[in-house]
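So the chains spell out like this:
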Amino acid sequence: MENILIKKVTLNNINQLQEIGRRTFHETFSSTNTEENMTNYLEEKFSIEKLTTELSNSDSLLYFAIINDDIIGYLKINWGQAQTEIKDEQGLEIERIYVLQKFQGKYAGQLLYEKAIEKAKQKNIDYVWLGVWEENPKAIAFYKKNGFIEFDKHIFKLGNDEQTDIMMKLQLTNKNKS
């Protein structure tokens, strides 16, 4: 197995982030969505302006997975008000873990996931949550293997297509709420 480096993304890496974000999302979802919806989504969600805002948010972190100086995937986590839905101070959201198809199954996704859990524990977070498309069985199996359980569903809009995401949660602590 090749050595995979996990490196924090900075504003200096914005062009690489845009490239890996667009490429991995396109690889993952283009076969099951219209070209128009894919193009609109990629232009909106991976614009330099949008990525600059994400990278500048102190309640979000992004990391690259790198092999031999090649970026092969990335992670985006959010806590506090940066979370896309649940705004619980005790929660941390894994918004994105994407790895290029040719590197899937080679541990990069697991390392990115472990970085998210490490950050959650450093922040004394009680649980980690995420949304995953109901038609992405590979990702659902990955999260279940890592202890996540389904707890809800929500709508994810890709262009004009409303898709259902399964919301999943991993409890990290057994804190009693008063």
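Structure first, text after, so check above.
## Section: the nonpolar core
Next, step 1: Ranked by internal contacts, the top residues of the largest apolar core, which has 52 residues, are L17, F25, I94, Y143 and F148.
Next, step 2: For this core, the element with the most residues is strand β2 (residues 60-67), which contributes 7 residues.
Next, step 3: In contact with F25, not counting residues within four places along its chain, are S30, M38, Y41, L42, F46, Y98, F156 and L158.

## A few points about the environment of H154
Next, step 1: Take H154: it is sitting in strand β6 (residues 149-158).
Next, step 2: Exposure remark for H154: the relative accessible area of 14% places this residue in the buried category.
Next, step 3: Between the alpha carbons of H154 and T164 there is a distance of 5.8 Å; along the sequence they are 10 residues apart.
Next, step 4: Each residue touching H154, except ones within four places of it in the same chain, is listed here: E85, G131, Q163, T164, D165 and M167.

## Description of the layout of surface pockets
Next, step 1: Of the volumes computed, that of the second largest pocket is approximately 210 Å³.
Next, step 2: Together, 14 residues line the second largest pocket, and R23, D70, I71, I72 and L100 are the ones closest to its centre.
Next, step 3: Examining the composition of the lining of the second largest pocket, we find that 4 residues originate from one element, helix α1 (residues 14-29), more than from any other.
Next, step 4: A breakdown of the residues in the lining of the second largest pocket according to their chemical character gives 6 nonpolar, 2 polar and 6 charged.

Cut-off values and rules
- Residues numbered from 1 in each chain as written.
- Predicted model: local features only at pLDDT ≥ 70, side-chain atom pairs only at ≥ 80, totals over all residues.
- Heavy atoms only, no water.
- Core = buried A, V, L, I, M, F, W, Y, C linked by side-chain atoms within 4.5 Å.
- Buried < 20%, exposed > 50% of the residue type's maximum accessible area, 1.4 Å probe, protein only.
- Helix = DSSP H or I, 4+ residues; strand = E, 2+ residues; numbered from the N terminus.
- Contact = heavy atoms within 4.5 Å.
- 1 Å grid on protein atoms, 1.4 Å probe; cavity = no way out; pocket = protein on both sides within 12 Å on 5 of 7 lines; lining within 4 Å.
- Points joined across faces, edges and corners; volume = space filled by probe spheres on them.
- Nonpolar A, V, L, I, M, F, W, Y, C, P; charged D, E, K, R; others polar.

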